[in-house]
Amino acid sequence: FITDKVLTNLSSSYHIAKKKISYYDLNTNTTIIPTSNNGMKLELFIFDVFPLADSYLVMNVDRFDEFAPVKNEPGNHSDSPDTA
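Residues numbered from 1 in each chain as written. Predicted model: local features only at pLDDT ≥ 70, side-chain atom pairs only at ≥ 80, totals over all residues. Heavy atoms only, no water.

Can you help me understand the pattern of salt bridges in this one?
Per the stated rule, a full pass over the model turns up 4 salt bridges. Counted as one network, the salt bridges with shared partners bring together Lys19, Lys41 and Glu43. (Salt bridge = Lys/Arg side-chain N within 4 Å of Asp/Glu carboxyl O.)

Right, here's the structure in full:
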């Protein structure tokens, strides 16, 4: 399923997320942390594969016990590998 359907069909399914992206300024030798969005990130979500499946199952579970998003880098205080 992953090789035959997902990898061949998701290239046009990206969602655009506007983000604050830190960068290094060579002129001032400092890392700039923007206060407003200055870039975009292309994201895919697990539910993007649902239309590609012949069938799928949705389960209702306790969010606290079963859900741990990992969308930030290690060391971040939320939604990181450290908090999952």
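Just checking my understanding: could you explain the environment of leucine 52 for this structure?
In this fold, leucine 52 is placed in the loop between β4 (39–43) and α2 (63–66). When the C-alpha atoms of leucine 52 and glutamate 73 are compared, they prove to be 30 Å apart, with 21 residues separating the residues in sequence. Residues in contact with leucine 52, not counting those within four places in the same chain, are Phe1, Lys5, Val6, Asn9 and Leu10. (Helix = DSSP H or I, 4+ residues; strand = E, 2+ residues; numbered from the N terminus. Contact = heavy atoms within 4.5 Å.)

Honestly, the side chain of aspartate 48 in this entry has me stumped. Any pointers?
Here aspartate 48 lies in the loop between β4 and α2. Here aspartate 48 occupies a buried position and makes no salt bridge, while the nearest side chain of opposite charge, lysine 41, is found at 13 Å. In this structure the side chain of aspartate 48 is engaged in a polar contact, spanning 2.9 Å, whose partner is the side chain of histidine 15. Setting aside residues up to four positions removed in sequence, aspartate 48 forms contacts with Leu10, Ser13 and His15. (Buried < 20%, exposed > 50% of the residue type's maximum accessible area, 1.4 Å probe, protein only. Lys, Arg positive; Asp, Glu negative; His and termini not counted. Polar contact = N/O pair within 3.5 Å; in protein donor to acceptor, adjacent residues only side chain to side chain.)

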